[in-house]
2 protein chains.
Amino acid sequence: MREQLAALLEEKQGEYVSGEQLSRILNVSRTAVWKHIRKLEEEGYKIEASRKLGYRLVDSPDQITLTSLLPRLTTVRLGRSVKLFDEVDSTQNIAQKLAEEGAPEGTLILAERQLSGRGRMGRSWLSPKGRGVWMSMILRPTIPLPYTPQLTLLTAVALCRALRRLTGLEIGIKWPNDLLIDGRKISGILLESSAEEERLRHVIVGVGISVNLDKQHYTEDMLDRVISLKMAAGITFDRSEIIAGFLAEFEAVYTLYEQEGFAPVRSLWEALSVSLHKPCKLTTPQGIMEGIPVGLADSGALLLKLEDGDTVPVFSAEMG
Amino acid sequence: MREQLAALLEEKQGEYVSGEQLSRILNVSRTAVWKHIRKLEEEGYKIEASRKLGYRLVDSPDQITLTSLLPRLTTVRLGRSVKLFDEVDSTQNIAQKLAEEGAPEGTLILAERQLSGRGRMGRSWLSPKGRGVWMSMILRPTIPLPYTPQLTLLTAVALCRALRRLTGLEIGIKWPNDLLIDGRKISGILLESSAEEERLRHVIVGVGISVNLDKQHYTEDMLDRVISLKMAAGITFDRSEIIAGFLAEFEAVYTLYEQEGFAPVRSLWEALSVSLHKPCKLTTPQGIMEGIPVGLADSGALLLKLEDGDTVPVFSAEMG
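Residues numbered from 1 in each chain as written. Chains lettered and ligands numbered in written order. Predicted model: local features only at pLDDT ≥ 70, side-chain atom pairs only at ≥ 80, totals over all residues. Heavy atoms only, no water.

With an unreviewed UniProt entry as reference, chain A is termed Bifunctional ligase/repressor BirA, source organism Paenibacillus sambharensis. Per UniProt, chain A carries the Catalytic activity (unreviewed entry) text "biotin + L-lysyl-[protein] + ATP = N(6)-biotinyl-L-lysyl-[protein] + AMP + diphosphate + H(+)". (UniProt positions renumbered as here; feature names shortened; annotations may be inferred.)

Structure, rendered in structure tokens:
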């Protein structure tokens, strides 16, 4: 029904169709038409309603398809297997299942919409239909387990570099892996790993990028903390291009990391970071710590200079 | 049928029963009786066969039951939930499933027999019925991910101390976590972990102890490398007592670790180790390294002193 309604509006290419006409064609009440219009809006359609003229389609969510994505991919190791879903609970869950079944490194899972997208620290992640990049990628790195946190920093570096290049926006990294524009978050990264002793079995790199979300996708109090690429740049972005650009950058940085270790990744991270050399408060499992972040340790931990002059590594914390 | 046969033999308390009599009571051929006798032997029964007199039961495998185990447990945090299985593919797989479903810290999974018990480096682990401790325990530590290797060393310390106390045998730790008697392995430890970013979600501590295995449980070429507690001490051990003793020791060392960190665990490990201060060869994912292990790093890595005098940390390797 909703698909039919969307098709009818799209057919008219931005012209108004009266509610009466729609209700006749679809054989439902005008109230039902209105309810379906609201649903379409929730899915990312932008529809203008006029009491006199009816409804007209202003904007429809774009779709990621293999046809749009595959020709753009320039990677040789990543994204050679791509699974597209319309709606999933979480791409991380699907990736984890596939990884346990033996899916190869670089397998990519994409969804138009996540019903229960997951973020760091058990938080939920807003993933409305057709407006963002909601993806998970399977890695099978040969690094020892203690180096896993380096991969989360590597992911932030690759995503930040790709998005800066593709959008021209001034994007910085907040420790460890949030990307910010003017202090507002545009993407989230979540790495989940599984290990046998000190050997990583797999790492699932989860990335959420708020690409074409509009103000109305957010609640009022979210708008202080988050922003989309579209809101920041004033234009709509092609999500397939963003995915391809990120994968290309990721493959380059990941290969560099395999060849030269963490040092070059650390330099890139430190150069893009907006968290260094400013006093901050860290909420750790052991309590609140205050100090000045001065860089990254070899382990990937944040080096925090305390008031007493000591510098300590912090593995897990929330920067407030 | 096999259970009936075992019951018949046990009834006779070590007296011979003729194959003819058994075949009559069970209503099967004498060849079938013989085949079932062989199966019972595989399950851990020790049966003497005489062409003239028939069969007599010399020894039957003991059983771990909640009645035998629970009164022996002195722990307050570990083993408060115990799941006993007769036969499983691997206790690790069951534990992992339970952990993902939210099972609490200390949940213990025990099996009389594992069909595909797993060891380190993807190896299989021999787990014949009724002869060993084949167990997995769920932990939910609040340590950061990079410290996970410390837990595998901690497990070796707890198991070594418990077995030395319970058996009086001279047992040492081979890096990282094999327990040896005179160079022959009596137990294996396998830790599998799952993490979200730098936060551990759960760790499954897998422990296999070759308690009452006899020579015939092993192949000829295994006998150079492995031994059971029974073979080493000349007596049969109560497996429930061993489980309870290990849990008590683990809880003590784990609590110490939570309170004082890795330092005391490192000291205990170094004291029990048979791998330190002797030249050795390590097979790492990057190739073979030679040197002298001099101790453990804070990270849990082995500190290897190379020929050129440099000391390097080794995370993942096989000591050959």
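Draft legend 1. How the structure looks around the interface of chain A and chain B. Contacts between chain A and chain B engage 30 residues on the former and 29 residues on the latter. When chain A packs against chain B, the two sides together hide about 2,400 Å² of surface, and 48% of this comes from carbon and sulfur. On the chain A side of the interface with chain B, the three residues burying the most area are Glu197, Glu198 and Phe315 of chain A, jointly 27% of the side's total. Here chain A is connected to chain B by 6 salt bridges. A salt bridge links Glu198 of chain B to Arg120 of chain A; its shortest N-O distance comes to 3.6 Å. Put simply, chain A and chain B have 14 residue pairs in polar contact (both at pLDDT 80 or more) between them. Here the side of chain A that touches chain B is built from residues that sort into 12 nonpolar, 9 polar and 9 charged. With 5 bridges connecting them, strand β10 (residues 184-196) of chain A and strand β10 (residues 184-196) of chain B associate as antiparallel partners. Along β10 of chain B, the bridge assignment pairs Glu192 of chain A with Glu196 of chain B. (Contact = heavy atoms within 4.5 Å. Buried area = accessible area lost by both parts, 1.4 Å probe. Salt bridge = Lys/Arg side-chain N within 4 Å of Asp/Glu carboxyl O. Polar contact = N/O pair within 3.5 Å; in protein donor to acceptor, adjacent residues only side chain to side chain. Nonpolar A, V, L, I, M, F, W, Y, C, P; charged D, E, K, R; others polar. Pairing = 2+ DSSP bridges. Helix = DSSP H or I, 4+ residues; strand = E, 2+ residues; numbered from the N terminus.)

Draft legend 2. Fine view of the UniProt feature "DNA-binding region" (unreviewed entry) in chain A. In this numbering, the UniProt entry assigns the feature "DNA-binding region" (unreviewed entry) to residues 19-38 of chain A. Each end of residues 19-38 of chain A is marked by a C-alpha atom, and these two atoms are 13 Å apart; helix forms 85% of the span and strand 0%.

Draft legend 3. Spotlight on the UniProt feature "binding site: biotin" (unreviewed entry) in chain A. Sites flagged by UniProt as "binding site: biotin" (unreviewed entry) map to Gln114, Arg118, Gly119, Arg120 and Lys185 of chain A. With respect to the element layout, Arg118 of chain A can be found in strand β5 (residues 117-118). Judged by relative accessible area, Arg118 of chain A falls into the partly exposed class, the value being 28%. Sequence-distant contacts of Arg118 of chain A, that is, excluding residues within four places in its chain, are made with Ser90, Gln92, Asn93, Arg123, Trp125, Leu190 and Glu192 of chain A together with Arg201 of chain B. At a separation of 2.5 Å, a polar atom in the side chain of Arg118 of chain A contacts the side chain of Asn93 of chain A. Within the secondary structure, Arg120 of chain A sits in the loop between β5 and β6 (124-125). Here Arg120 of chain A is in contact with Pro176, Asn177, Ile189, Leu190 and Ala317 of chain A together with Glu196, Glu197 and Glu198 of chain B, once residues within four sequence places are set aside. (Buried < 20%, exposed > 50% of the residue type's maximum accessible area, 1.4 Å probe, protein only.)

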